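# A structural walkthrough
Listed below are the residues making up each chain.
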Amino acid sequence: MTDSSAFIATLPSNDLSNKKCNVNVLNTPSTIAEGEKVGTVHLVGAGSGDPELLTLKALRVMQRADIVLYDSLVSEDILDMCALTAEKIFVGKRRANHALPQEGINELLVKHALAGKTVVRLKGGDPFIFGRGGEELQEVVRHGIRFESIPGITAASAAASRAGIPLTHRDHAQAVKFVTACKKSGAANNDYDEHLDSKQTVVFYMGLHRLGELTKGLIAAGRDSDTPFAVISHASLPTQQLLIGTLGSIANQQAIAKLPTPALLIMGDVVTLYHEFADYNLGAVGKGAFVDVNKVISSNHLIPNLESMT
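It should be emphasised that the depicted structure is a prediction, and the values quoted were computed from it without experimental measurement.

Take the environment of Gln174 next. Looking at the secondary structure, you find Gln174 in the loop between helix H6 (155-163) and strand E8 (175-180). In this structure the C-alpha to C-alpha distance between Gln174 and Thr201, which are 27 residues apart in sequence, comes to 8.0 Å. If sequence neighbours within four positions are ignored, Gln174 has contacts with His169 and Lys199. Looking at Gln174, its side chain comes within polar contact range of the main-chain oxygen of Arg170, at 2.7 Å.

As structure tokens, then:
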């Protein structure tokens, strides 16, 4: 990775950590004394896992953190880029396995910010795309704490780019929709009638565990069973894997391939472009293998002499 530390050090900073927060009295809880310095909360998108996809602004804030609350989807490489002196607290969540309930995370954000700390809430992907970032900021603001939100590359963009599946294309998709497979209560998101437009790409987050139910529901609602469909696991990481099929076949293919979580699902005609791009896609080169319908394509088969081309 290119060392960008010198460049980052020369960038103008909008950092809030050394500025006194003048808290709005209408939102100020009784626990904040008048004139007391309150810390800040920086909601940072860590991106899809590849440290080279982290934004420069995110890196700068991470290197000035006193406290880092991080999720399970934040890679070790990215976590190592935080300030060495920062206290790092794991608050990750996976399906049915939460290290800390959401209310507990909210309490930690408020507690450390009220103690005058620079708090970085480090989330995989983008905090405002199924990352509960809005919920956490609501709690922060209720306590009169100022915040900064820094976007990250969401898994849909990272996975699609590396696999060579454009989310939009003038000949295939005039819109793209991001959908969560589960609602807040944990119930399945069964609004299948909203995803029947053949000119629209649909990306399902957190849906691998209910792939069979999801695909059957879409077909029953009227979506063509021949609609191209992809499962992408470990977006943008060296271990990224890709399963290509159709809405009608993908569940059976996954039952055999058993791609691991975290994974997302892409449905739409743009998936067909994978085959057009695959042999020329440098992004497909890595330690992982792409699992296709009929064969496994290793990165060595795609481009055997990558170093000679760069």
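This model, assessed by the stated rule, comprises seven salt bridges. Glu136 is the salt-bridge partner of Arg121, the closest N and O atoms lying 3.0 Å from each other. You can see Arg121 sitting in strand E6 (residues 118-123) and its partner Glu136 sitting in helix H5 (residues 133-142), a full 15 residues away along the chain. The pair formed by Arg121 and Glu136 is uniform in burial state, with each residue classed as buried. Note that Arg142 and Glu139 form a salt bridge whose closest N and O atoms lie 2.9 Å from each other. Here Arg142 pairs with Glu139, and both are found in helix H5, just three residues apart, close to one helical turn.

Taken N-terminus to C-terminus, the directions of helix H7 (residues 211-221) and helix H8 (residues 250-257) make an angle of 170°; their axes are 9 Å apart at the nearest point. Between H7 and H8, the angle falls in the class roughly antiparallel. Counted together, Leu211, Gly212 and Thr215 of H7 and Ile250, Ala251 and Gln254 of H8 form the full contact between these two elements. Counted by class, the contact of H7 with H8 contains three nonpolar, three polar and no charged residues.

Quick look at unusual backbone geometry now. Following Thr261, the chain continues to Pro262 via a peptide bond in cis, the omega torsion being -5°. For Pro262, the position within the fold is in the loop between H8 and strand E12 (263-267). One non-glycine residue, Met206, lies in the positive phi region at around 55°. Along the polypeptide, Met206 turns up in the loop between strand E9 (200-205) and H7. The phi dihedral of Lys258 falls on the positive side, at around 55°, and the residue is not glycine. Note on placement: Lys258 falls in the loop between H8 and E12. A residue is classified by how much of its surface remains accessible, and Lys258, at 61% relative accessible area, is exposed.

Each regular strand shows side chains that alternate between the opposite faces of the sheet. Of all the five residues making up E12, five are buried; the element is thus mostly covered by neighbouring parts of the structure. Of the two faces of E12, both are covered, the one formed by Ala263, Leu265 and Met267 as well as the one formed by Leu264 and Ile266. Summarising the sheet, E9 and E12 pair through four bridges and their orientation is antiparallel. Bridge pairing links Phe204 to Leu265 in E12. With five bridges connecting them, strand E10 (residues 228-233) and E12 associate as antiparallel partners. Within the sheet, the bridge partner assigned to Phe229 lies in E12 and is Met267.

Next up on the list: the packing of helix H4 (residues 102-114) against H5. Two quantities define a packed helix pair, namely the angle between the helix axes and the distance between the axes. Here H4 crosses H5 at 45°, and the two axes come no closer than 9 Å. Between H4 and H5, the crossing angle belongs to the class labelled oblique. In this structure, H4 meets H5 at a crossing whose hand is right-handed. When H4 is examined against H5, the residues Gln102, Ile105, Asn106, Leu109 and Val110 are found in contact with a partner set consisting of Glu135, Glu136, Glu139 and Val140. Here the residues of the contact of H4 with H5 sort into four nonpolar, two polar and three charged.

Rules of the game
Residues numbered from 1 in each chain as written. Predicted model: local features only at pLDDT ≥ 70, side-chain atom pairs only at ≥ 80, totals over all residues. Heavy atoms only, no water. Helix = DSSP H or I, 4+ residues; strand = E, 2+ residues; numbered from the N terminus. Contact = heavy atoms within 4.5 Å. Polar contact = N/O pair within 3.5 Å; in protein donor to acceptor, adjacent residues only side chain to side chain. Salt bridge = Lys/Arg side-chain N within 4 Å of Asp/Glu carboxyl O. Buried < 20%, exposed > 50% of the residue type's maximum accessible area, 1.4 Å probe, protein only. Axes fitted to C-alpha atoms, helices over the stretch in contact; angles between N-to-C directions. Parallel < 35°, antiparallel > 145°, perpendicular 65-115°, else oblique. Nonpolar A, V, L, I, M, F, W, Y, C, P; charged D, E, K, R; others polar. Pairing = 2+ DSSP bridges. Left-handed = near helix turned anticlockwise from the far one by under 90°.

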